[in-house]
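Take a look at the letters that make up each chain.
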Amino acid sequence: MLTDKLKEKFGADILESGNALGEDSIVIDREKAPEIFRTLHDDADFAFEFLIDVTAVDWLERRPRFDVVYQLKSMSRSTRLRVKIRVGAGDDAWVPSAHPVWKSADWLERECFDMFGITFRGHPDLRRILLYDTFVGHPLRKDYPFQKRQPIVPEIDPITKPLRPTK
Amino acid sequence: MSLPARWSQKIEAADPADEIMELQMGPSHPAAHGTIKFNLKLDGERVADCDVEVGYLHRAFEKMCEQGTWTQCFPYTDRLNYASPCINNVGFALAVEKLLGIEAPERAQYLRVIMSEVSRITDHLTCMGMAASELGAVTVAFLMIEGREMLYDLVEAVTGARLTVTWCRVGGVAHDLPDDFKERIAIAMRHIDGLLSDCDKLLSRNRVFIDRMSGVGILPQKDAISYGLTGPLLRASGVAYDVRKANPYLVYDRFTFDIPTGERGDNYDRFNQRFREIPESQKIIVQAMGELPAGPVMIGDPKIALPPKERVYNSIEGLMNHFKLIMEGIKVPAGETYTAVEGANGELGFYVVSDGSGRPYRVRVRPPCFLAMSALNKMLIGHMIPDIITTFGMINMIGGECDR
């Protein structure tokens, strides 16, 4: 079992583990996430070459409020794993970036930041990706009404103003 | 104008003496089929850096899915990759069915496979036809569009629409095949064979085509994996990963087909990759048509399937059943799943979370071409401006899927 092997390897850093509907998932400690990601990628026992997806789920009433969800895939071992990190709202809404391990984290984490306002610390270029820079709020949060209007932003002349700010 | 530090560093490393020009290409560029903006830093005609801006077609797919019932998500999924909408339908249906713990009837599974493969062919034909026309090979484009239209006619005969099919349902499919489908698909497959051989003659020894495609936009295996590329792009880089083989879903494990792979991972390989995948899809269609079982195409469970219209109009039980399913939706047990299918552009995954009510709590789609676009910068640096068009064409970015 993959989850047993993970528990053996990481011990108390895995807060929860489970297998529902044939899918393995673990909840890990945010502080330990960079090392765990690195081991999941490098260790031949796990060999998760692909970071397939990064997203979040907003459990509005729950504390901590957000689940940041990573879908990992190992091609050589033919396994999948779902890794979750639980984070709170406000200043607590941050996780370490997975970009040093998987390059696909670049855009996926930008999208998650765009939609949920979760900060990925250590990300090289964290800015909005699907929405525009002056967008107010983070639309996939449950407290963002789906019919909410956005303020009209003044037109920016791309010649005199610099391009999208980059970090 | 002062350059952002990130760009000036890279540029100095490339060639400190040359002046760097900024060019904004897009968001509506006639040669780039898709609404996308490239913020280029040019060193002469060479691309020194390329910041890709996506999101112009963002329509809040994931937010809108949370507003209706599970069944009401199907029309939204059509509009993800609108060159192969049946595959999106199938992916979403499989994810919800996994949460419900049900399986569609065998005939419905076969139909889903057949229509997925038809969609894959239409998607590949669209991508290759457009890419060829951008290089001036308009004949190829017309030939491929002709074949695509034949298949779209078939899709229309089955689903009632060319692109906005909304054909799958939780627990099956909406309509069975029309009576003359078997003959029509056989004619279409023969036609595709002919057009592929014509296009092969037009392109495989065409000097212009090869010079423009070969050696451009190379992405080595290691990078392709790290950037999360899947589908034809990953296979063109030499990695034989296909969800249909790695995690077989539906009835794919019953068919024999091959996974062709490329070698170098350049644009030529990507074109070839799609070219060689079409016969494999045809193989699957022929096998599936040959052993297509009889039976219902929709599950019988009244908590999931709508009752037949005669019952709705003529009995109070049928009417109540219909009303409850439409107004409250299918009650999906609380839980979460990530279910992936092989889309035309790569692994199309649906991460769905249910809280036990009749509405999705969270629907997340993992768009294959979004990840491919993130690697575009890496593919382009050092190449010429015209190479942007071919590389972008071979990624086959579909705005509906990339921006959702």
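Residues numbered from 1 in each chain as written. Chains lettered and ligands numbered in written order. Predicted model: local features only at pLDDT ≥ 70, side-chain atom pairs only at ≥ 80, totals over all residues.

1. A few points about the overall build of chain A
- Within chain A, the secondary structure is distributed over three helices and seven strands.
- Start at the N end of chain A and walk to the C end: the helices and strands fall as α-β-β-α-β-β-β-β-α-β.
- Taken over 167 residues, chain A has a buried fraction of 38%.
- Put simply, 47% of the contacts in chain A that link residues at least 6 apart link residues at least 24 apart. (Helix = DSSP H or I, 4+ residues; strand = E, 2+ residues; numbered from the N terminus. Buried ≥ 20, exposed ≤ 12 C-beta atoms within 10 Å, placed from the backbone. Contact = placed C-beta atoms within 7 Å.)

2. So, the overall build of chain B
- When you go through chain B residue by residue, the secondary structure sums to 18 helices and eight strands.
- For 404 residues, the compact-globule estimate of 2.2 N^0.38 gives 22 Å, and chain B sits close to it at 23 Å.
- The dimensions of chain B, computed from C-alpha atoms along their principal axes, are 80 × 45 × 35 Å.
- Relative to its full complement of 404 residues, chain B shows a buried share of 52%. (Rg over C-alpha atoms; globule rule 2.2 N^0.38 Å.)

3. What to know about the environment of Ala246 of chain B
- Among the structural elements, Ala246 of chain B can be located in helix H11 (residues 243-246).
- In this structure, the C-alpha to C-alpha distance between Ala246 of chain B and Met150 of chain B, residues 96 residues apart in sequence, is 31 Å.
- Sequence-distant contacts of Ala246 of chain B, defined by excluding residues within four places in its chain, comprise Ser78 of chain A together with Tyr241 of chain B.

4. A closer look at the nonpolar core
Residues and elements named next belong to chain B.
- In terms of nonpolar packing, the biggest core is built from 160 residues, with Val96 and Met373 touching the most fellow members.
- It is helix H5 (residues 106-134) that provides the largest number of residues to this core, a total of 13 residues.
- Every residue in contact with Met373, bar those within four places of it in the chain, is listed here: Val52, Val54, Ile395, Met397 and Cys402. (Core = buried A, V, L, I, M, F, W, Y, C linked by C-beta atoms within 7 Å.)

5. Some details on the interface of chain B and chain A
- At the junction of the two partners, chain B supplies 34 residues and chain A supplies 32 residues.
- Those elements that place two or more of their residues in the side of chain B that touches chain A are helix H2 (61-65), helix H9 (221-226), strand E6 (335-343), strand E7 (346-354), strand E8 (360-366) and helix H15 (368-374) of chain B.
- The element that contributes the greatest number of residues to the side of chain B that touches chain A is E7 of chain B, accounting for four residues.
- Considered class by class, the residues forming the side of chain B that touches chain A number 13 nonpolar, eleven polar and ten charged. (Nonpolar A, V, L, I, M, F, W, Y, C, P; charged D, E, K, R; others polar.)

6. Observations regarding the sheet that holds strand E4 (residues 66-74) of chain A
Residue and element names in this part refer to chain A.
- Read across the sheet, five strands follow the order E1-E2-E5-E4-E3 without closing on themselves; strand pairing throughout is mixed. If you trace the sheet from one side to the other, it starts and ends with strand E1 (14-20) and strand E3 (50-58), each paired once. Along the sheet, successive strands turn relative to each other by an average axial angle of 20°, direction set aside.
- Judged from the eight bridges that link them, E3 and E4 form a sheet pairing that is antiparallel. When the bridges of E4 are listed, Val57 appears paired with Asp67.
- Across the sheet, helix H1 (residues 2-10) touches E1, strand E2 (23-28) and strand E5 (79-87), and the angle it forms with E1 is around 170°. (Pairing = 2+ DSSP bridges. Axes fitted to C-alpha atoms, helices over the stretch in contact; angles between N-to-C directions.)

7. A look at helix H4 (residues 85-100) of chain B
- Taking 1.5 Å as the rise per residue, H4 of chain B with 16 residues should run 22 Å; its terminal C-alpha atoms sit 23 Å apart, in good agreement.
- Just downstream of H4 of chain B lies Gly101 of chain B, where phi reads positive at about 70°. (Expected span 1.5 Å × (residues − 1).)

8. Details of the pairing of E1 of chain A
All names here are of chain A.
- Relative to E2, E1 runs antiparallel, the two sharing six bridges. By the bridge assignment, Ala20 is partnered in E2 with Glu23.
- The turn linking E1 back onto E2 is made up of two residues, and Leu21 within it adopts a positive phi angle of 55°.

9. Considerations on unusual backbone geometry
- Following Arg63 of chain A, the chain continues into Pro64 of chain A via a peptide bond in cis, with omega recorded as -10°.
- Along the chain, Pro64 of chain A falls in the loop between E3 and E4.
- You will see that Thr166 of chain B, though not glycine, has its phi angle at about 45°, which is positive.
- Given 20 C-beta atoms within 10 Å, Thr166 of chain B falls into the buried group.

10. Describing the confidence of the model for chain B
- With 96% of its residues at a pLDDT of 70 or more, chain B has an overall mean of 86.
- Reported confidence for the predicted complex is 0.87 by ipTM and 0.87 by pTM. (pLDDT = per-residue confidence, 0-100.)

11. Re helix H14 (residues 316-327) of chain B
All names here are of chain B.
- With twelve residues, H14 should reach 16 Å at 1.5 Å per residue; the first-to-last C-alpha distance of 16 Å fits that figure.
- With one of its twelve residues buried, H14 lies for the most part at the surface.
- Just beyond H14, the residue with positive phi is Gly329, at close to 85°.

12. Here's the deal with the sheet that holds strand E1 (residues 20-25) of chain B
Residue and element names in this part refer to chain B.
- In spatial order, the strands read E1-E2-E3; together these three strands make up an open sheet with antiparallel pairing. Because the sheet does not close on itself, it has two edges, and the strands there are E1 and strand E3 (46-53). Within this sheet the neighbouring strands show an average axis-to-axis angle of 20°, counted without direction.
- With seven bridges joining them, strand E2 (residues 37-43) and E3 adopt antiparallel strand pairing. The partner of Asn39 across the bridge, within E3, is Asp51.

13. Overview of the packing of helix H6 (residues 138-159) of chain B against helix H7 (residues 181-203) of chain B
Residues and elements named next belong to chain B.
- H7 packs onto H6 with a crossing angle of 165° between their chain directions and a minimal axis gap of 9 Å. Relative to H7, H6 is oriented roughly antiparallel. Helix-helix and strand crossings are classified by hand; for H6 and H7 the assignment is left-handed. Contact residues: H6 offers Thr139, Val140, Leu143, Met144, Glu146, Gly147, Met150, Leu151, Leu154, Ala157 and Val158, while H7 offers Phe181, Arg184, Ile185, Ala188, His191, Ile192, Leu195, Asp198, Cys199, Leu202 and Leu203.
- Its residues placed into classes, the contact of H6 with H7 shows 16 nonpolar, three polar and three charged. (Parallel < 35°, antiparallel > 145°, perpendicular 65-115°, else oblique. Left-handed = near helix turned anticlockwise from the far one by under 90°.)

14. Describing the packing of H5 of chain B against H6 of chain B
Residue and element names in this part refer to chain B.
- Where H5 meets H6, the axes come as close as 8 Å, and the angle between the chain directions of the two elements is 155°. Here H5 is positioned roughly antiparallel relative to H6, judged by the angle of their axes. The crossing of H5 and H6 is left-handed. Touching Met115, Val118, Ile121, Thr122, Leu125, Thr126, Met128, Gly129, Met130, Ala132 and Ser133 of H5 are Val138, Val140, Ala141, Met144, Ile145, Gly147, Arg148, Leu151, Tyr152, Leu154, Val155 and Val158, all from H6.
- Here the residues of the contact of H5 with H6 sort into 17 nonpolar, five polar and one charged.

15. A word on the environment of Lys98 of chain B
- Structurally, the position occupied by Lys98 of chain B is in helix H4.
- For Lys98 of chain B, a count of 22 C-beta atoms within 10 Å gives the class buried.
- Spatially, the C-alpha atoms of Lys98 of chain B and Val170 of chain B are 10.0 Å apart, while their sequence positions differ by 72 residues.
- With near-sequence residues (within four places) excluded, Lys98 of chain B lies in contact with Leu21 of chain A together with Thr337 and Thr339 of chain B.

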